[in-house]
Amino acid sequence: MTDTTIKRPAPEAPNALRDWFTNGLRAEIESRGLPVIQGDEPAERGGIALHPIDIDAPKSFRRKNRAVFVVGIGESKGVPEIPLATLYPLQLRSLGNIFILLIPDGTHGGVEAFVSTLEQGSYSFKYWGDDQAFFTEVADRLTPLATSTLIIENEFVPDLEPELWGGDEITASITRAGKLLDELDLLPSPFPIDSYLPEADLRHLKQMFNIGGLSYGNVSARKDDLRFWMSASGVDKTKLEEIGPEILLVTDFIPERRAMRLSVPPNVTPRRVSVDAIEHFMIYREHPSVGAILHIHAWMEDIPSTRINYPCGTIELATAVADLVRQSPDPGHAVIGLRNHGLTITGESLDEIFARIDGKIQRQVPMA
Ligand SMILES: [Zn+2]
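Here goes a summary of the coordinates provided. (Residues numbered from 1 in each chain as written. Predicted model: local features only at pLDDT ≥ 70, side-chain atom pairs only at ≥ 80, totals over all residues.)

### Regarding the overall build of the protein
Line of reasoning, step 1. Counting secondary structure elements, the protein contains eight helices and 14 strands.
Line of reasoning, step 2. In the protein, buried positions account for 47% of the 368 residues.
Line of reasoning, step 3. Excluding contacts between residues fewer than 6 apart, the proportion of contacts in the protein whose partners are at least 24 apart in sequence is 62%. (Helix = DSSP H or I, 4+ residues; strand = E, 2+ residues; numbered from the N terminus. Buried ≥ 20, exposed ≤ 12 C-beta atoms within 10 Å, placed from the backbone. Contact = placed C-beta atoms within 7 Å.)

### Considerations on the pairing of strand β7 (residues 153-157)
Line of reasoning, step 1. Here β7 shows a clear split, with Asn-154 and Phe-156 buried on one side and none of Glu-153, Glu-155 and Val-157 buried on the other.
Line of reasoning, step 2. By the bridge criterion, five bridges tie β7 to strand β11 (residues 259-263) in an arrangement that is parallel. Bridged to Glu-155 within β11 is Arg-261. (Pairing = 2+ DSSP bridges.)

### Quick word on the nonpolar core
Line of reasoning, step 1. With 100 residues, the main nonpolar core has Val-71, Ile-100, Leu-248, Val-250, Leu-294, Val-321 and Leu-350 as its most contacted residues.
Line of reasoning, step 2. For this core, the domains that each give at least three residues are domain 1 (16-146) and domain 2 (153-357).
Line of reasoning, step 3. If near-sequence neighbours (up to four positions away) are discounted, Leu-294 is found in contact with Ala-177, Val-219, Ile-345, Leu-350 and Ile-353. (Core = buried A, V, L, I, M, F, W, Y, C linked by C-beta atoms within 7 Å. Domains from an automatic or database assignment.)

### What to know about helix α4 (residues 169-183)
Line of reasoning, step 1. Under the 1.5 Å per step criterion, the end-to-end length of α4 is 21 Å for 15 residues, consistent within 8% with the ideal 21 Å.
Line of reasoning, step 2. Residues Ile-170, Thr-171, Ser-173, Ile-174, Thr-175, Ala-177, Gly-178 and Leu-181 constitute the buried set of α4.
Line of reasoning, step 3. Contacts made by the buried residues of α4 are with β8 (218-222), β9 (228-231), β10 (247-254), β12 (292-296) and α8 (350-357).
Line of reasoning, step 4. With its phi angle positive at about 60°, Asp-185 sits one or two positions after the end of α4. (Expected span 1.5 Å × (residues − 1).)

### Focus on the packing of α4 against α8
Line of reasoning, step 1. Following both chains from N to C, one finds α4 and α8 inclined at 30°, their axes separated by 9 Å at the closest point. For the element pair α4 / α8, the angle class is roughly parallel. Where α4 abuts α8, its residues Ser-173, Ile-174, Ala-177 and Leu-180 lie against Leu-350, Asp-351 and Phe-354. (Axes fitted to C-alpha atoms, helices over the stretch in contact; angles between N-to-C directions. Parallel < 35°, antiparallel > 145°, perpendicular 65-115°, else oblique.)

### Considerations on the pairing of β10
Line of reasoning, step 1. By the bridge criterion, four bridges tie β9 to β10 in an arrangement that is antiparallel. Across the sheet, residue Phe-228 finds its bridge partner in β10, namely Val-250.
Line of reasoning, step 2. Pairing geometry for β10 and β11, over five bridges, is antiparallel. Counted as the bridge partner of Phe-253 is Met-260 from β11.
Line of reasoning, step 3. Linking β10 back to β11 in an antiparallel pair, the connection comprises four residues, with Arg-258 at a positive phi of about 50°.

In structure tokens, the structure reads:
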């Protein structure tokens, strides 16, 4: 049985902070009427799972349902020099959607809770002695993420016109864009997840998040009124060439299946399209003037930014970005910040986008 009364942290005992935090957060989430999944009980309808781990021997959380949002929680004594470098491997090992590491704040007798996300965001919450205020703040920030809806199913239809099986001048611009991202050093080396995860966990991770691997950023370009080409998920962006495995034609969104529809050549094994396809889809359909979209994990000065760091591939992130594109003075040439994550940039073509942002890109995404 877990003790649901909130206790002040006693950092002397092993994992006492972690357990205090887990119980406090659980009570706060439950008080909001949100389902908290206990252990790895089967969860048919989703919910939030709090997954406390020992950071020296992290155990992975095995979801039975993709809709379960897993919060890995651990405790450490020292403040991490680069929080993300400490937290991200723990997040992957625990198979969490996010990870929270609790550190006693020696100088003030408080606690700092560092958070990492799958988009490689990191931020922290500080505890100064008021349990209710602290857990309210953490839950306020987490619940929108935990209750957001992923649109990551793919429906592959082998109906691509034969003249497009080898690509066209637009897919050639996507190939060029991938190489240019590399030249500009805007392709962070994919996180070496295989060195952190046993093969079975890796398979589980890919299946649960519908990703082909952890790589960051994507490119797309309009084909015609209704369709656009987009990079596949988890591929090497310096070699975006083959239609199906590396570049896909997005033709529609099927709301009742929460799926993107992809038109592919027959007899190819396609990869999944980038998880941000729903976001690009919404922008292309709303703005005929948008001919291309670039998403990178980088930043620019003086740009509007989303308020909530919704996960990649959710309808909520797509809507938040589409709202900001709509509000920008020129939706056809917009630069939108995704909080703790990166940029979505619209333009006439990928070549035009690169020309416009040349020299203005900051590699470091501000974290807050
Ligand atoms: Zn991203």
